[in-house]
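Fold and contact review
As a plain string of letters, each chain reads:
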Amino acid sequence: IHPSGKLFVLSDGEGKHTTVELSEPLEEEISGVIEVVGKVTNQATIMCVSYVQFREDKSPFDLEIYNEALKIIHEFPEYFPFG
Amino acid sequence: GGYTQSPGGFGSPTGTQAEKKQRTRSQNIVPCTVSQLLAAEQVDETFRIRDVEICQVTVVGIVRHAEKAPTNILYKVDDMTAAPMDVRQWVDTDEAGGENVVVPPGTYVKVAGHLRSFQNKKSLVAFKIMPLENMNEFTAHILEIVNAHMILRNNPMSASRAPQSFSSAGIGDVGGYGGGGSLPVNGLTVHQSQVLNLIKNCHVPEGMSLQELKAQLHNMSMSTIKQAVEFLSSEGHIYSTVDDDHYKSTDAE
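The structure reproduced in this document is the subject of the present report. (Residues numbered from 1 in each chain as written. Chains lettered and ligands numbered in written order. Predicted model: local features only at pLDDT ≥ 70, side-chain atom pairs only at ≥ 80, totals over all residues. Heavy atoms only, no water.)

Right, let's talk about the sheet that holds strand S2 (residues 17-21) of chain A for a bit. Residue and element names in this part refer to chain A. What the four strands build is an open sheet, ordered S1-S2-S4-S3; its pairing is mixed. Each of the sheet's edge strands pairs with one partner strand only, and the pair in question is strand S1 (7-11) and strand S3 (34-40). Adjacent strand axes in the sheet meet at a mean angle of 45° when their direction is disregarded. Bridge count between S2 and strand S4 (residues 46-53): two bridges; the pairing is parallel. Note that in S4 the partner of Glu-21 across the bridge is Met-47. (Pairing = 2+ DSSP bridges. Helix = DSSP H or I, 4+ residues; strand = E, 2+ residues; numbered from the N terminus. Axes fitted to C-alpha atoms, helices over the stretch in contact; angles between N-to-C directions.)

This is the structure:
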């Protein structure tokens, strides 16, 4: 997380990194798995609209499997329409 | 003893056959995305999403809004595939506790309920709303959606035995999906089934060409289609006609 609190870097299920920009600095400490909803910018960063921290208190979230699942749903748009 | 009596309407063959069919059809609970529910069309009493009959559904999403009323709680649940959907949970005013706990916004929940449509607006009436404790359930749910809709669409009669029992604890099962649609149905993988069905339904004398298959199965790569065709051909389901690019089914109707 950037010292200004307006930027943080995420790594996904394949180990690739991406930078997430916020319109206002973070007001809380975040760690672990975050789901960010936002728009992709021209500089290949994400302009964050909202984020949610995943609960991992009961069991850890398997990010690699989630990544595989995403690939599958993109392969079958007729069964998983995106509005 | 009284064991020779046939119970209810399930024993008698003719008269109650239609009734029995109607009852068994809407016994599925189908995992769906909000976008699928919004796209569902209503025919008389039932909803359909492109031939898959929908009655009871499960949806996983984030609570965006929660409004408590005396007899019910109205949530707006968002699964990112469409705008948040209204989910109504009736509160049993006689029972204390349990139902009266409102799920706070920002929580991921799994909703099980009935699809309803009122004045063209769709909503869900939930009989169970559970906050997700294990986020891997979320991953499992999206895979179940693809799986369930694929099985139900290809083979409506197998709906009664569609495996809805994926437990979130069994993440080992989910790992098997990594290969991309390789769940065997009738001994054929999904890809092979789809290719075979298209070839079966082709009544042109020279059969179905690989180009046609690619055009109709636009989310399958050419190499996947070729692999499926090779397998089907070696198993004897199809045979080549004018050249290696054209195939007909051995049990075409």
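Now that the structure is up, let's keep going.
Core analysis: the biggest nonpolar cluster contains 27 residues, and Leu-37, Ile-54, Tyr-75, Val-87, Val-111, Leu-124 and Ile-129 of chain B have the highest contact counts within it. Discounting chain neighbours no more than four positions away, the residues touching Ile-129 of chain B are Tyr-75, Val-87, Gln-89, Val-103, Val-109, Lys-110 and Val-111 of chain B. Counting 20 residues, the second largest nonpolar core, distinct from the first, contains Val-33 of chain A together with Val-60, Ile-62 and Val-146 of chain B. (Core = buried A, V, L, I, M, F, W, Y, C linked by side-chain atoms within 4.5 Å. Buried < 20%, exposed > 50% of the residue type's maximum accessible area, 1.4 Å probe, protein only. Contact = heavy atoms within 4.5 Å.)

This brings us to helix H7 (residues 222-235) of chain B. Residue and element names in this part refer to chain B. If you check H7, its first and last C-alpha atoms are 20 Å apart, about what 14 residues at 1.5 Å a residue would give, namely 20 Å. Of the residues making up H7, those classed as buried are Ile-225, Ala-228, Val-229 and Leu-232. All buried residues of H7 project into a common sector of 100° when viewed along the axis, lining one side. Seen from the open side of H7, the exposed residues pointing more than 90 degrees away from its buried face are Gln-227, Glu-230 and Ser-234. Residues of H7 that are buried in the fold lie against helix H5 (190-200), helix H6 (210-216), strand S11 (238-240) and strand S12 (246-249). Looking one or two residues past H7, Gly-236 carries a phi angle of roughly 90°, positive in sign. (Expected span 1.5 Å × (residues − 1). Arc of directions from axis to C-beta.)

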